[in-house]
Amino acid sequence: MLISEARPDWHLVIIGPVVKIDPANLPQHENIHYLGGRDYKELPAYLAGWDLAMLPFARNESTRFISPTKTPEYLAAGKPVVSTSIRDVVRPYGELKLVRIADTVSEFVTAAELAMQEDTPVSEWLSRVDVFLEKISWDRTWASMMKLIDSAIAARDGEDKANSTGAAGKQAPNIITRDFVFDYLVVGAGFSGSVIAERLATQGKKVLVVDKRNHIGGNAYDHYDDHGVLVHKYGPHIFHTNSREVFEYLSRFTQWRSYEHRVLASVDGQLVPIPINLDTINKLYGMNLNSFEVEEFYKSLAEPVEYIRTSEDVVVSKVGRELYEKFFRNYTRKQWGLDPSELDKSVIARIPTRTNRDDRYFTDTYQAMPLHGFTRMFENMLNHPNIKVMLNTDYQEIQKAIPCCEMVYSGPVDEYFDYRYGKLPYRSLDFKHETHNTSVFQKAPVINYPNEQLYTRVTEFKYLTGQEHSKTSIVYEFPKAEGDPYYPVPRPENNEMYKQYKALSDTTPGVYFVGRLATYKYYNMDQCVAQALSVYKQIAVKA
């Protein structure tokens, strides 16, 4: 059913030439009006008579990456807008509730009815629109581009002048004004880099943040997929911490949604809680043990291990070989490409077993998710007049053109030193995202698959985000040896190689190494924040 049929009292006016399609194939109805092309000078007169502007793009491969400039143009004209879930409309316009998003006829009609009542004293919709549009005006964009161009030209001219007089080429040219000099170059716009950038900027330092990717947020980046579902591009990121300092710091940039993470494991054809608890044992073995009895049950299975060195030692000494085989061995093999007997004890040491029915994956004091997503939190963190962000940028390409006094580096430490001692091993992941035409896909936010499947786990994002949507999106995770570095491989020989790189980093003046990749440690998000705050304090003392 067409919108024109659902609301015969509305008139749908389409302006623009009909191309690449036979006009006879267009929807026809007495309240649909095709006016053809019009001169630009006439458009304001037409627009003045509209109650609503629509962006009814089909969602397909041709429209997947479009960024309709009509969105800000319609909003600048003061017209409410309803659009299909085109990615660059959903974020930021839909997320900021400046544009309503709808994909079906009934959704579109409802959204249109609400949008035409959008601007009220309570909603202050038009005021919010004006504030947002001012930030992305052509004048502002042009001024930012000119600033970078002038900076690059000044740097080149200054370097030519220095070279001609025999001066050191790496010295920042004197002719660059303070407007074009950054105190710090921060490499990486994930947790580590963004936290330090924000702290430095707040103290009056000028900071340039660069990232090779086309987005901020590092691996915690989330976005609305083609169906309008908020997903984590690089797998699930669940925030939890025992640090009040970390939680209160991040609370400056986001509101929170209370969330306690729960995981099931597919074992012997059943879905049971993981970490292993009382209910796991009772369901798996068809028993009815209580907390005291299950503790004795664990002891009866456990195998004494004199020296705990490997991940296998950790599990077998706690719950025995049978549960080790069911829950841990194959999962670990898939995840790391190594048997648990070949991995350091730290890999599994943080996975507890419980004698009660507590099925929470984490037991930290603070457990929550950013109310509007991680990316919004990073946007707020980096939204400071002293911070400039350059994406799709390799820091090595701009070091000379845009000189900075000191550097904060959160990239791979071996890459920084041109792999002098060899390449540090990492495990990587492939992600297979799917959207399903159902409100719920699985029984838990995450289901682990420790057995025969090639993937390790499946995540359903709506559990994490609390989003209400008629569809749901999931992701399968497939571990692999090559690709983006995610997990440092904790083996003695790798740690020895890293020690050599650390010795280099400790003696490299003017560069601060921070984060997972730069310190070759698997930090949780809160640990990244805590380390970044600690490094910032070290920088502040020297500044």
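Everything discussed here concerns the structure shown above.
Undergrad: So what exactly am I meant to see when it comes to the overall build of the protein here?
TA: Regarding its fold elements, the protein presents 20 helices and 22 strands. Along the three orthogonal principal directions, the C-alpha set of the protein runs to about 85 × 75 × 45 Å. Of all 543 residues assigned to the protein, the portion counted as buried reaches 48%. Considering only intrachain contacts with a sequence separation of at least 6, the fraction spanning at least 24 residues in the protein is 67%. A total accessible area of about 27,800 Å² is found for the protein, and carbon and sulfur atoms account for 52% of it. Across the protein, the 63 positively charged side chains and the 70 negatively charged ones have centroids separated by 3 Å.

Undergrad: I tried to follow the sheet that holds strand β16 (residues 404-409) on my own but got confused; where do I start?
TA: What links the strands of a sheet is backbone hydrogen bonding, and the strands pair in either a parallel or an antiparallel sense. An order of β15-β7-β6-β16-β22 is seen for the five strands of this open sheet, with the pairing classed as parallel. Two strands close off the open sheet at either side, each with one partner strand: β15 (387-390) and β22 (511-513). With direction set aside, neighbouring strand axes in the sheet form an average angle of 20°. The pairing of strand β6 (residues 182-187) with β16 spans five bridges and is parallel.

Undergrad: Honestly, the packing of aromatic side chains in this entry has me stumped. Any pointers?
TA: Geometrically, a pair of aromatic rings is defined through the distance of the ring centres and the angle of the planes. A full pass over the atoms with the stated rule returns 28 aromatic pairs. Aromatic pair Tyr409 and Phe513: ring centres 5.7 Å apart, planes at 70°, arrangement edge-to-face. In this pair, Tyr409 is assigned in strand β16 and Phe513 in strand β22, connecting sequence segments 104 residues apart. In this structure, Tyr409 and Phe513 share a single accessibility class: buried. Chaining the aromatic ring pairs together yields one cluster made of Tyr395, Tyr409, Tyr416, Phe417, Tyr421, Tyr501 and Phe513. It is Arg213 that lies over the ring of Tyr234; its NZ or CZ is 4.1 Å from the centre. Positioned above the aromatic ring of Tyr476, the side-chain terminus of Lys432 is 5.7 Å from the ring centre.

Undergrad: Explain the sheet that holds strand β3 (residues 53-55) to me, please; I cannot follow it from the model alone.
TA: As summarised here, the arrangement of the three strands in space is β3-β4-β5, forming an open sheet in which the pairing is parallel. The open sheet has two free edges, formed respectively by β3 and β5 (100-101), since each of these has just one partner strand. Across two bridges, strand β4 (residues 81-83) lies against β5 in parallel orientation. Pairing of Val82 across the sheet is with Arg100, part of β5. Where helix α5 (residues 105-115) meets the sheet, it contacts β3, β4 and β5, and its direction lies at approximately 165° from that of β4.

Undergrad: I keep staring at the nonpolar core and nothing clicks. Help me out?
TA: Buried together is how nonpolar side chains tend to be arranged in soluble globular proteins. Among the nonpolar cores identified, the biggest contains 58 residues, and Phe327 and Tyr409 are the most heavily contacted of them. Per-element tally for this core: the top contributor is helix α12 (residues 311-336), with nine residues. Phe327 has contacts with Ala265, Val267, Val272, Ile274, Ile276, Thr280, Leu284 and Pro450, leaving out every residue within four places of it along the chain. Among the nonpolar cores identified, the runner-up in size contains 48 residues, and Met377, Ile387, Val514 and Ala532 belong to it.

Undergrad: Quick question: what am I supposed to make of the pattern of salt bridges here?
TA: Within this structure, the stated rule accounts for 31 salt bridges. Of the charged contacts, one joins Arg360 and Glu260 as a salt bridge, the two residues approaching to 3.4 Å between their closest N and O atoms. Of this pair, Arg360 sits in the loop between α13 (346-349) and β14 (366-370) while Glu260 sits in the loop between β11 (256-258) and β12 (263-267); the two residues are 100 residues apart in sequence, bridging distant segments of the chain. Taking the relative accessible area as the measure of exposure, Glu260 reaches 36% and is therefore partly exposed. Between Arg329 and Glu325 there is a salt bridge, with its nearest N and O atoms 3.2 Å apart. With Arg329 and Glu325 both in helix α12, this residue pair falls four residues apart, about one helical turn. Salt bridges sharing common partners tie together Arg91, Glu95, Asp222, Arg376 and Glu379.

Undergrad: I tried to follow the layout of surface pockets on my own but got confused; where do I start?
TA: Rolled over the atoms, a probe as big as a water molecule pinpoints where empty space is left. Its boundaries defined by the atoms lining it, the second largest pocket holds a volume of some 2,000 Å³. Where the lining of the second largest pocket is concerned, the elements lending two or more residues are α1 (3-6), β1 (12-15), β2 (32-36), α2 (43-48), β3, α3 (70-76) and α5. Its residues assigned to classes, the lining of the second largest pocket comprises 33 nonpolar, seven polar and five charged.

Undergrad: Where do I start with the packing of helix α8 (residues 191-202) against helix α20 (residues 525-542) in this structure?
TA: The packing of two helices is summarised by the inter-axis angle and the distance between the axes. At a minimum axis distance of 8 Å, the contact between α8 and α20 shows a crossing angle of 40°. With respect to the hand of their crossing, α8 and α20 are arranged in right-handed fashion. Residues Phe191, Ser192, Val195, Ile196, Arg199 and Leu200 of α8 form the contact with α20, whose participating residues are Met525, Cys528, Val529, Ala532, Leu533, Val535, Tyr536 and Ile539. Taken together, the residues of the contact of α8 with α20 sort by class into twelve nonpolar, one polar and one charged.

Undergrad: So what exactly am I meant to see when it comes to the side chain of Ser83 here?
TA: Secondary-structure assignment places Ser83 in strand β4. Setting aside chain neighbours within four positions, we find Ser83 in contact with Leu55, Val89, Val99, Arg100, Ile101, Ala102 and Phe108.

Cut-offs and rules
Throughout, a residue's number is its position along its own chain's written sequence, starting from 1. Residue-level local features of this predicted model are given only where pLDDT is at least 70; pairs of side-chain atoms are given and counted only at 80 or more, and the full residue set underlies all totals for whole chains, interfaces and linings. Calculated side-chain values reflect all of the structure's heavy atoms, with hydrogen atoms and water omitted. Secondary structure elements follow DSSP: runs of H or I no shorter than four residues count as helices, runs of E no shorter than two count as strands, and numbering proceeds from the N terminus. Burial here depends on accessible area, computed with a 1.4 Å probe over protein chains only, as a share of the maximum for the residue type. Under 20% is buried, over 50% is exposed, and the range in between is partly exposed. Contacts are assigned to residue pairs with any non-hydrogen atoms lying within 4.5 Å of each other. Note on areas: Shrake-Rupley, 1.4 Å probe, and residue coverage restricted to the protein chains presented here. Just so you know, the count uses Lys and Arg for positive and Asp and Glu for negative, and it drops His and the chain ends. A charged residue contributes its charge at one atom only: NZ of Lys, CZ of Arg, CG of Asp or CD of Glu. By definition, two strands form a pair when at least two bridges between them are found by DSSP. With axes taken as lines fitted to C-alpha atoms, and helix axes fitted only over the stretch in contact, angles between N-to-C directions fall between 0 and 180 degrees. The rule is short: rings of Phe, Tyr and Trp, with Trp giving its six-membered ring, pair when the centres are within 6.5 Å, and they are stacked under 30 degrees, edge-to-face over 60, tilted in between. In our convention, an over-ring charge means Lys NZ or Arg CZ found within 6 Å of a ring centre and within 35 degrees of that ring's normal. What we call a nonpolar core is a set of buried Ala, Val, Leu, Ile, Met, Phe, Trp, Tyr and Cys residues that are connected through their side-chain atoms within 4.5 Å. Whenever a carboxyl oxygen of Asp or Glu lies within 4 Å of a side-chain nitrogen of Lys or Arg, that contact is scored as a salt bridge. Every definition here rests on a 1 Å grid over the protein atoms only: cavities are sets of points where a 1.4 Å probe fits but cannot get out, pockets are open sets enclosed by protein on both sides within 12 Å along at least five of seven lines, and lining residues have some atom within 4 Å of a point. Grid points are joined across faces, edges and corners, and a volume is the space filled by probe spheres set on the points. Note that Gly is not counted as nonpolar here; it falls among the polar residues with everything else outside the nonpolar set of Ala, Val, Leu, Ile, Met, Phe, Trp, Tyr, Cys and Pro and the charged set of Asp, Glu, Lys and Arg. Crossing handedness: left-handed means the near helix sits turned counterclockwise from the far one by under a right angle, and right-handed means the same turn made clockwise.

So yeah, pure geometry; function would need other evidence.
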